[in-house]
Amino acid sequence: MDNDSLNEKTMEDVHTKEIDLVNRDPKHINDDVVKVEFEDVIAEPAGTYSFDGVWKASFTTFTVTKYWCYRLLTALVGIPLALIWGIFFAILSFLHIWAVVPCVKSYLIEIHCVSRVFSICVHTFCDPFFEAMGKCLSSIRVRMTKEV
C-alpha cells in the first residue's frame, strides 16, 4: 500500500467510523457532571418517610420524566446544536491552524532577536553599574542595639 492510499484510507475512516451506541461517553467527559439520579435529588431522612406508594410513584415519575424530557429535548434541539457546535469547532480549528499558530511562531522568531539585543544592552550598561554599586555598598554594616 503506498502512502497516498494510506492517507485516503485514514481520511475515509474518520468520516465513516462506527459509533458506539452503548458507551456514548467513552472518554468519561460527563462522569461527575450530569449523573443525577432520584437519590441525588430527593432523599427522606430517617423519621420522615412518606408512604411507600408515594415514594415509588415519585421515583418512577422523576425517572420517566427525566428520561423522556431529555430524549425530547435532544430530538428537537440536539441536531441544530450539533450543527452549531460543528461549525464553531471548525472555525476554531481553522483559526488555530491558519492564524494563531503562525502568529505565535512569528512572534517567537521576532522576540528572539529582540531578546538578544536587550540582553546585550543589559550586560553592557547595567552590569558594570550594579557591580560598582555592589562594591561601594558592600562594606556597609548595620548593627542594632537595644537601649534600656
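Residues numbered from 1 in each chain as written. Predicted model: local features only at pLDDT ≥ 70, side-chain atom pairs only at ≥ 80, totals over all residues. Heavy atoms only, no water.

J.: I'm lost on the overall build of the protein in this one. Help?
T.: Counting its regular elements, the protein contains three helices and zero strands. Secondary structure elements of the protein, listed N to C terminal, follow the sequence α-α-α. Relative to its 148 residues, the protein shows a buried fraction of 1%. By element, 69% of the accessible surface of the protein is carried by carbon and sulfur atoms, the whole surface being about 14,300 Å². (Helix = DSSP H or I, 4+ residues; strand = E, 2+ residues; numbered from the N terminus. Buried < 20%, exposed > 50% of the residue type's maximum accessible area, 1.4 Å probe, protein only. Areas by Shrake-Rupley, 256 points an atom, 1.4 Å probe, with all protein chains shown as cover.)

J.: Can you help me understand the environment of K35 in this one?
T.: Tracing the backbone through its elements, the reader meets K35 in the loop between helix 1 (3–16) and helix 2 (38–41). Here K35 is in contact with N30 and D40, once residues within four sequence places are set aside. (Contact = heavy atoms within 4.5 Å.)

J.: Sorry if this is basic, but what is going on with the packing of aromatic side chains here?
T.: Each aromatic ring pair is described using two quantities: the centre-to-centre distance and the angle formed by the ring planes. For the coordinates displayed, the defined rule picks out eight aromatic pairs. Geometrically, the ring pair formed by F38 and W55 is edge-to-face, given 5.0 Å between the ring centres and 70 degrees between the ring planes. Here F38 is found in helix 2, whereas its partner W55 is found in helix 3 (residues 52–137), with 17 residues between them in sequence. According to the relative accessible area criterion, W55 is partly exposed, its value standing at 29%. (Phe/Tyr/Trp six-rings, centres within 6.5 Å; stacked < 30°, edge-to-face > 60°.)

J.: Help me understand the UniProt feature "transmembrane region" (unreviewed entry) in the protein, please; the structure alone is not making it clear to me.
T.: Mapped onto this structure's residue numbering, the UniProt feature "transmembrane region" (unreviewed entry) falls at residues 72–99. Secondary structure across residues 72–99 comprises 100% helix and 0% strand; the distance between its end C-alpha atoms is 39 Å. (UniProt positions renumbered as here; feature names shortened; annotations may be inferred.)

J.: So what exactly am I meant to see when it comes to the state of the cysteines here?
T.: Each disulfide consists of one covalent bond between the sulfur atoms belonging to two cysteines. A full pass over the atoms with the stated rule returns zero disulfides. Looking at the unpaired C121, the closest cysteine sulfur is the one in C126, lying at 8.8 Å. Residue class for C121 comes out partly exposed when judged on its relative accessible area of 35%. (Disulfide = S-S within 2.5 Å.)

J.: What am I meant to see in unusual backbone geometry here?
T.: Peptide bonds are, in most cases, trans, and in most cases residues other than glycine have a negative phi. With phi around 55 degrees, H28 is a residue other than glycine that occupies positive phi space. You can see H28 is positioned in the loop between helix 1 and helix 2. You can call H28 partly exposed: its relative accessible area is 47%.

J.: Whenever I open this one, a nonpolar patch on the surface confuses me. Can you help?
T.: A grouping of L72, L73, L76, V77, L81, I84, W85, F88, F89 and L92 is seen on the molecular surface, where their side chains present a nonpolar patch of about 990 Å² in accessible area. Residue position: I84 is located in helix 3. (Patch = residues over 30% accessible without salt bridge, like charges linked within 9 Å, V, L, I, M, F, W, Y side chains within 5 Å. Salt bridge = Lys/Arg side-chain N within 4 Å of Asp/Glu carboxyl O.)

J.: Even after reading the chapter, I still don't get helix 3, so can you show me in this structure?
T.: It helps to recall that an α-helix has 3.6 residues per turn; residues three or four apart then point in one direction. Over its 86 residues, helix 3 runs only 85 Å from end to end, short of the ideal 128 Å by more than 12%, given 1.5 Å per residue. Roughly 45 degrees is the biggest bend found in helix 3, and it falls at V77, with proline P80 one to four residues downstream. (Expected span 1.5 Å × (residues − 1). Bend = angle between axes of the 7 residues up to and from the residue.)

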